[in-house]
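A closer look at the structure
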Amino acid sequence: MTKRQLNLNLFIYPGGHHEAGWRYHGSDPDRVLDIRYYQELAQKAEAAKFDAVFFADGPALADNIRHAARFRLEPLTTITALATATRRIGLIATASTTYNEPYNLARLFASVDHISGGRVGWNIVTTSARQAAENFGLEAHPDHADRYGRAHEFLDVVTKLWDSWEDGAVVNDPDSGVFADDARIHAIDHKGDHFQVRGPLNIPRSPQGRPVYVQAGSSEDGRHFAARHAEAIFTAHQTLDSAQAFYADIKARARGVGRNPDHIRVLPGISPYIGSTEAEARALHDEFNALTQPAYSLHVLRQMTGLDLSGHDLDGPFPRHLIAPDNDRAEASRFKLVLDIVDREQPTIRQLMHRLAGARGHWVVVGTPDQIADQIQTWFETGAADGFNVMPPWIHGGFDAFVDHVLPMLRRRGLFRSDYAADTLRGHYGLPRPDSLYAHPIRKSA
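Along each chain, residue indices are assigned from 1 in the same order as the chain's sequence is written. Selection of residues for local features in this predicted model requires a pLDDT of at least 70, selection of side-chain atom pairs for listing and counting requires 80 or more, and totals for whole chains, interfaces and linings are taken over all residues. Side-chain figures throughout are based on the complete set of non-hydrogen atoms in the structure, without hydrogens or water.

With respect to the overall build of the protein chain
What counts here: Each helix corresponds to a stretch of at least 4 residues labelled H or I by DSSP, and each strand to a stretch of at least 2 residues labelled E; elements are numbered beginning at the N terminus. For a compact globule the rule gives 2.2 Å times the number of residues to the power 0.38, and the radius of gyration it is set against comes from C-alpha atoms. For the exposure calls, accessible area comes from a 1.4 Å probe over protein chains only, and a residue counts as buried if that area is under 20% of its type's maximum, exposed if over 50%, partly exposed in between. Charge assignment: positive for Lys and Arg, negative for Asp and Glu; neither His nor the chain ends contribute. Charge placement uses NZ in Lys and CZ in Arg. For Asp and Glu, CG and CD serve respectively.
Helix and strand content of the protein chain: 14 helices and 13 strands. For the protein chain, the C-alpha radius of gyration of 22 Å lies close to 22 Å, the compact-globule estimate for 446 residues. With the C-alpha coordinates aligned to their principal axes, the bounding extent of the protein chain is approximately 75 × 55 × 45 Å. Here the protein chain, with 446 residues, has 54% of them falling under the buried criterion. Here the protein chain contributes 48 positively and 55 negatively charged side chains, and the mean placements of these two sets differ by 3 Å.

As structure tokens, then:
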């Protein structure tokens with residue numbers, strides 16, 4: 001039996017994952033609109049045999065642009081360009097179910113899966129940015145429950161569209177004059193609360209059958225959604241106990257709805273600060289935190305908690321008592337994560353800002369390559385993770401340090417591949433290629 005191995009993605013955030021990463025010497029903030037920048041990163045990740053590169057996104061300009069590189073290229077366009085510059089690495093793009101239509105999005109992702117030869121994943125988000133509503137003609141951003149209700153139906157429609165061409169529907173036989181077996185191409189005739197879509201999709205089934213379904217979000221609605229649909233889950237945890245509890249919960253929920261839990265990859269974020277000694281690593285982390293700008297950090301904290309702390313002593317205790325039990329962010333997973341840090345560590349406001357500056361609530365590890373490899377191995381082997389989204393504090397240097405110093409140790413321990421064994425993202429993740437929902441049983445067995 002093949003030994004279980006880590007799945008590793010490179011999470012590309014243009015300015016790096018520390019909020020001040022774009023200010024750090026060696027960063028390339030002037031290249032955030034240069035597609036060659038992302039092609040170089042994808043090629044480097046492919047040379048290291050990473051499973052995928054991943055791009056986050058949102059359909060609105062962040063309102064804290066003054067102090068950080070908070071804009072980015074549209075991710076589907078980006079991964080299409082990366083598909084032509086790479087051969088085997090997976091390509092995961094974020095797209096919203098709240099601010100897209102199923103038919104167009106299904107066609108776009110299917111097209112890129114064809115272009116890449118089966119390497120695409122869709123990071124499914126419902127969008128939490130309230131300012132997005134005004135960009136799409138809405139008076140108000142839909143509430144949490146409504147967004148997830150739409151998302152469930154959106155996934156249902158997209159899945160039917162991707163399956164609307166059976167495998168083998170394209171005959172392409174010049175001698176007979178038959179190009180396609182139209183009996184294997186199906187209208188989906190979907191009529192629901194949010195969408196009416198006749199179908200079929202106007203492009204054949206993609207190499208993976210369907211792009212990989214990726215999900216980010218750990219709220220109750222998010223977990224329910226992930227258990228039903230997700231094949232890879234991006235999540236944020238600060239402690240081993242929290243990660244283990246989430247991992248066990250997701251796998252149990254998946255089993256409860258009749259899914260194989262081994263067909264879901266749980267991939268927490270990890271942002272490593274690496275030094276040849278622990279003291280050197282801590283000095284590096286401190287150097288980044290010294291570059292933070294309080295106005296930006298307070299804005300991020302306000303987005304997560306709803307509290308405006310600009311008039312408070314930053315070196316005084318975080319005023320936990322000001323957070324109302326009925327806070328409208330109470331369902332958000334990142335809100336709960338911040339409260340967990342406050343309750344567990346009782347930080348000052350400045351200390352909390354620095355805790356969040358490293359990777360917006362994702363797991364920040366500071367140490368030598370050995371120490372970081374030890375922690376990765378512990379999470380992997382004790383039911384906390386199937387792998388990780390690697391979130392470099394700055395680019396390229398933070399990723400180079402991980403590839404050059406941590407990855408070799410993981411390989412020596414037998415925890416990560418030395419070469420690819422597959423050509424598709426499903427293959428890298430060890431996921432099966434699904435049959436079409438419309439495949440006729442007789443044809444499947446023929």
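A short note on the nonpolar core
The nonpolar side chains of a soluble globular protein tend to be buried with one another. Stated formally: For our purposes a nonpolar core is just a set of buried Ala, Val, Leu, Ile, Met, Phe, Trp, Tyr and Cys residues, chained together by side-chain atoms within 4.5 Å. The contact definition used throughout considers only heavy atoms, calling two residues in contact when any of these lie within 4.5 Å.
Ranked by size, the top nonpolar core spans 71 residues in total, and within it Phe50, Val53, Trp122, Phe402 and Leu410 carry the most contacts. Among all residues touching Trp122, those that are not within four sequence positions of it are Ala93, Ala95, Thr97, Leu105, Phe109, Phe154, Leu155, Val158, Trp162, Val212, Tyr213 and Val214. The next biggest cluster of nonpolar side chains, apart from the first, holds 24 residues, and it includes Tyr24, Phe54, Phe288 and Tyr429.

A closer look at the confidence of the model for the protein chain
Note the threshold: Residue-level confidence of the predictor is what pLDDT reports, using numbers from 0 through 100.
For the protein chain, the mean per-residue pLDDT works out to 93, and 96% of the residues sit at or above 70. Taken together, the stretch residues 442-446 has pLDDT below 50 and engages in six contacts with residues farther than four places along the chain or on a different chain.

A look at the pairing of strand S13 (residues 387-390)
Just so we agree on the cut-off: Here, any two strands with at least 2 DSSP bridges between them count as paired.
Burial along S13 is two-sided: the face carrying Gly387 and Asn389 and the face carrying Phe388 and Val390 are both buried. Direction of pairing for strand S1 (residues 7-11) relative to S13: parallel, over a ladder of four bridges. From the neighbouring strand, Leu10 faces S13, where its bridge partner is Val390. Across two bridges, strand S11 (residues 265-274) lies against S13 in parallel orientation. Note that in S13 the partner of Ile270 across the bridge is Val390.

Thoughts on the side chain of His186
Definition in use: By the criterion applied in these results, polar contacts are pairs of N or O atoms within 3.5 Å in which, for protein atoms, one can donate a hydrogen and the other can accept it, and in which residues neighboring in sequence qualify only through two side-chain atoms.
Within the secondary structure, His186 is located in the loop between strand S6 (178-180) and strand S7 (190-191). You can call His186 buried: its relative accessible area is 19%. Among the polar contacts listed, one links the side chain of His186 to the side chain of Glu166, at a separation of 2.8 Å. The contacts of His186, once residues within four sequence positions are left out, are Ser164, Glu166, Pro200 and Tyr438.

Quick look at the pairing of strand S10 (residues 232-235)
Note the threshold: Look down the strands so they point away from you; if going from the first strand over the helix to the second traces a clockwise path, that crossover is right-handed.
Side-chain alternation along S10 places Ala232 and Phe234 on one buried face and Ile233 and Thr235 on a second face that is also buried. Where strand S9 (residues 212-216) lies against S10, three bridges are found, and the strand directions are parallel. Pairing of Ala216 across the sheet is with Phe234, part of S10. Considered for its hand, the β-α-β crossover made up of S9, helix H5 (residues 220-229) and S10 is right-handed.

Focus on unusual backbone geometry
Where the residue is not glycine, phi is negative for most of them; where a peptide bond is considered, it is trans in most cases. Cis geometry marks the peptide bond from Gly199 to Pro200, where omega comes out at 0°. Note on placement: Pro200 falls in the loop between strand S8 (196-197) and S9. Cis rather than trans, the peptide bond between Ile395 and His396 has omega equal to 10°. Structurally, the position occupied by His396 is in the loop between S13 and helix H12 (397-412). At Thr127, a position not held by glycine, the phi torsion is positive, near 70°. Mapped onto the fold, Thr127 is located in the loop between strand S4 (120-125) and helix H4 (144-163). The phi angle at Arg360 is positive, at roughly 55°, despite the residue not being glycine. By secondary structure assignment, the location of Arg360 is in the loop between helix H10 (349-357) and strand S12 (363-367).

Describing the packing of helix H1 (residues 35-47) against helix H2 (residues 75-83)
Our working rule: Angular values range over 0 to 180 degrees, each being the angle between N-to-C directions of two axes fitted as lines to C-alpha atoms, with helices fitted over their stretch in contact. Angle categories are assigned with fixed cut-offs, so that under 35 degrees is roughly parallel, over 145 is roughly antiparallel, 65 to 115 is roughly perpendicular, and the rest are oblique. Two helices that cross are described as forming a left-handed crossing if the nearer one is turned anticlockwise from the farther one by less than a right angle, and a right-handed crossing if clockwise. In the scheme used here, Gly and all other residues not listed as nonpolar or charged are polar, with Ala, Val, Leu, Ile, Met, Phe, Trp, Tyr, Cys and Pro taken as nonpolar and Asp, Glu, Lys and Arg as charged.
For the pair H1 and H2, the least separation of the axes is 9 Å and the interaxial angle reads 60°. As the angle between them shows, H1 and H2 are arranged oblique. Here H1 and H2 pass one another in a crossing that is right-handed. Of the residues in H2, those in contact with Ile35, Tyr38, Gln39 and Ala42 of H1 are Thr78, Ala81 and Leu82. Split into classes, the residues belonging to the contact of H1 with H2 amount to five nonpolar, two polar and no charged.

A word on the pattern of salt bridges
Convention followed: Any Lys or Arg side-chain nitrogen found within 4 Å of a carboxyl oxygen on Asp or Glu counts as a salt bridge.
Under the counting rule described, the total for this entry stands at 29 salt bridges. Asp386 is the partner of Arg4 in a salt bridge, and the nearest nitrogen-oxygen pair spans 3.0 Å. Linking Arg4 in the segment before S1 with Asp386 in the loop between helix H11 (369-381) and S13, this pair joins segments that are 382 residues apart in sequence. Overall, the relative accessible area of 40% leaves Arg4 in the partly exposed class.

Things to note about the packing of aromatic side chains
Here a ring pair, both rings aromatic, is described through the centre-centre distance and the interplanar angle of the planes. Here is the rule we go by: Only Phe, Tyr and Trp rings are paired, with Trp represented by its six-membered ring, and only when their centres lie within 6.5 Å; those with planes under 30 degrees apart are stacked, over 60 edge-to-face, the remainder tilted. Ring-over charges, as used throughout, are those where CZ of Arg or NZ of Lys falls within 6 Å of the ring centre and within 35 degrees of the ring normal.
Taken as a whole, this structure holds 22 aromatic pairs when the rule is applied. Relative to Phe402, the ring of Phe50 has its centre 6.4 Å away and its plane inclined at 80°; by these criteria the two rings are edge-to-face. Highlighted residues: Phe50 in the loop between H1 and strand S2 (52-55) and Phe402 in helix H12, separated in sequence by 352 residues. The exposure classification of Phe50 matches that of Phe402, with both residues buried. In textbook terms, an aromatic cluster arises when at least three aromatic residues are bridged by ring pairs, as seen for Phe109, Trp122, Phe154, Trp162, Phe195 and Tyr213. Against the face of Tyr13 rests Arg360, its NZ or CZ located 4.2 Å from the ring centre.

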